[in-house]
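Coordinates in review
Each chain, letter by letter, is given below.
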Amino acid sequence: MSTQWDAIIIGGGAAGLFCAGVAGQLNKRVLVLDHAEVLGEKIRISGGGRCNFTNQHSSPANFLSLNPHFVKSALARYPAKDFIKLVQSYGIAYHEKHQGQLFCDHSAQDIIQMLFAECTKGKVEIRNPVSVLSIAQESGSWVVNTSTGLEKAKAVVMATGGLPVPAIGATAYALDIAKEFNLNVVEPRPGLVPLSFTADSFHHLNELAGLSLPVRISSGSKGDRYGACRFQEDLLLTHKGLSGPAVLQASNYWTEGEGIHIDWLGSVEVAGGFNCDALFNDEENRLKTAETILASVLPQRLAKAFAEQKNVLGRKWAEVSKKDRHALKELITNWSVKPAGTLGWKKAEVMLGGVDTKELDGQTMMAKSHPGLYFIGECVDVTGHLGGHNFQWAWASGFACAQAV
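A brief structural summary. All values reported here derive from a predicted model rather than from experimental measurement.

The subject of this paragraph is the sheet that holds strand β5 (residues 94-96). Strand order in the open sheet formed by 3 strands is β3-β6-β5, and the pairing between neighbours is antiparallel. Each having just a single partner strand, β3 (52-55) and β5 make up the two edges of the open sheet. Neighbour-to-neighbour, the strand axes of this sheet turn through a mean angle of 25 degrees, independent of strand direction. Of the strand pairs in this sheet, β5 and strand β6 (residues 101-104) are connected by 3 bridges, and their pairing is antiparallel. In the sheet register, Y94 faces β6, and the bridge partner there is C104. Contacts from helix α4 (residues 80-89) reach β3, β5 and β6, with the element oriented near 140 degrees to β3.

This is the structure in structure tokens:
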């Protein structure tokens, strides 16, 4: 058995590497273990290969958890501006894409190399690929049995992430360890994931695959796990259903058996002071066809599909009854449909649920009932909205843990 470490961090992803670098630079002896051949794969593929590494507006309001207050301490101690300063100190070029979302100009590899450099500064030892066979507490220390031998530490940090993208080695290992030590786990489910539909509920739109437009979307209800939401984002029609930022956001709040509601004109109304009633009651439109009127505010293919669905395709507006006009307006401003399900872990960007925050100290990320056992990053029941917030949780939870181990 080697010299005792201050901390053994299991998982060499965003949270694990960042925590290791910070702890190492606080003169802690840190060992990182990971089963993967190449570290940082989820970082590498994120943001289309450019890594949406944080959101400059990240706040507790951008996170879902059964205890929404849990994130406050960590986010306050390590806000987005601190990680941005670190990125700037490495000369990494970046840009804001949308609503505070920050991406690398060149490649996500810039962030990965920065994390490795931070670990080097802290004299962190990284070993991979190596398997962890067991974790046990013995005489006030933690013993980690690995495929390369036994390692002993004052603290063990679980940073193995969640279940999304199994193709790159994602596992539920942190949750398994939590259960092994009798910690409650909030049932995990795919988050930030496209929604699928039955042929019956979607047959009017399944020929429009590839069409994208901004909408206003609502999902969830007060009685659901994370309550209700309303987002104004871009929606993408696909062969299997709905995707795009709007739907990914809504998926976090959606519960099986419930519907989602879409106002296809939501962004038009907000952007230009547009009034749907004025459009539908404009006498100058009397001789125009229904789809022509709709096409003034919607993509032409979508306008035609909606007109066809309400049997007004090709009819002049003067020939459309008030009842049919109202039905058409309701269709495009409050389109309600029940998804059949999600596209699962292969397409999910994050994991909802995880180690119950009631089991953890929000200031240190340590399990209250097991001193020296920590959980950080995605394996905790904290999930951010789309747009860099989940990386910010990785940095903030990792930082809080690094101060304590």
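Moving on, we come to the pairing of strand β1 (residues 5-10). Counting buried positions over the 6 residues of β1 gives 6, a clear majority of the element. Sheet topology note: the β1/strand β10 (residues 149-158) ladder contains 5 bridges and is parallel. Each bridged residue has a counterpart across the sheet, and for I8 the counterpart in β10 is V156. Alignment of β1 against strand β2 (residues 30-33), held across 4 bridges, turns out to be parallel. Considered in β2, the bridge of I10 is made with L33. The parallel pair β1 and β2 is bridged by helix α1 (residues 14-25), and the resulting crossover is right-handed.

Under the definition given, this model contains 14 aromatic pairs. Measuring from centroid to centroid gives 5.6 Å for F18 and W395, while their planes differ by 65 degrees, and the two rings are edge-to-face. Taken as a pair, F18 in helix α1 and W395 in helix α14 (residues 389-404) lie far apart in primary sequence, 377 residues in all. Neither F18 nor W395 differs from the other in exposure class; each is buried. Grouped by ring-pair contacts, the aromatic residues F18, F53, Y78, F83, Y94, F391, W395 and F399 constitute a single cluster. The positively charged end of K97 is found above the aromatic ring belonging to F103, 4.9 Å away from the centroid.

By the element assignment, N62 lies in the loop between β3 and β4 (63-64). Judged by relative accessible area, N62 falls into the buried class, the value being 17%. When residues no more than four places from it in sequence are discounted, the contact partners of N62 are H57, T383, G384, H385 and H389.

To continue, consider the nonpolar core. I111, F375 and W395 are the most contacted members of the largest nonpolar core, which has 80 residues in total. For this core, the element with the highest residue contribution is α14, accounting for 9 residues. With residues up to four places along the chain from it excluded, the contact list for I111 reads I43, C51, F53, V87, I92, C104 and W395.

A cis amide bond, omega -5 degrees, links N128 with the succeeding residue P129. Position of P129 relative to the elements: it lies in the loop between β7 (125-127) and β8 (132-138). One non-glycine residue with positive phi stands out, namely S139, at about 50 degrees. Phi is positive for V165, close to 55 degrees, though the residue is something other than glycine. Inspection of the secondary structure puts V165 in the loop between β10 and α6 (173-180).

Counted by the stated rule, this structure contains 10 salt bridges. For E125, the salt bridge goes to R127, with nearest N and O atoms at 2.7 Å. Here R127 falls in the partly exposed class, since its relative accessible area comes to 23%. As a salt-bridge pair, K329 and D277 come within 2.6 Å of each other at their nearest N and O atoms. One end of the pair, K329, is in helix α13 (residues 322-333); the other, D277, is in helix α10 (residues 276-281), and 52 residues separate them in sequence. Its relative accessible area of 24% is what places K329 among the partly exposed residues. D277 gets classed as partly exposed once you look at its relative accessible area, which sits at 38%. Overlapping salt bridges, with partners in common, bring together D6, R29 and K154 in one network.

So, how was this worked out
- Residues numbered from 1 in each chain as written.
- Predicted model: local features only at pLDDT ≥ 70, side-chain atom pairs only at ≥ 80, totals over all residues.
- Heavy atoms only, no water.
- Pairing = 2+ DSSP bridges.
- Helix = DSSP H or I, 4+ residues; strand = E, 2+ residues; numbered from the N terminus.
- Axes fitted to C-alpha atoms, helices over the stretch in contact; angles between N-to-C directions.
- Contact = heavy atoms within 4.5 Å.
- Buried < 20%, exposed > 50% of the residue type's maximum accessible area, 1.4 Å probe, protein only.
- Right-handed = clockwise from strand over helix to strand, strands pointing away.
- Phe/Tyr/Trp six-rings, centres within 6.5 Å; stacked < 30°, edge-to-face > 60°.
- Lys NZ or Arg CZ within 6 Å of the ring centre and 35° of its normal.
- Core = buried A, V, L, I, M, F, W, Y, C linked by side-chain atoms within 4.5 Å.
- Salt bridge = Lys/Arg side-chain N within 4 Å of Asp/Glu carboxyl O.

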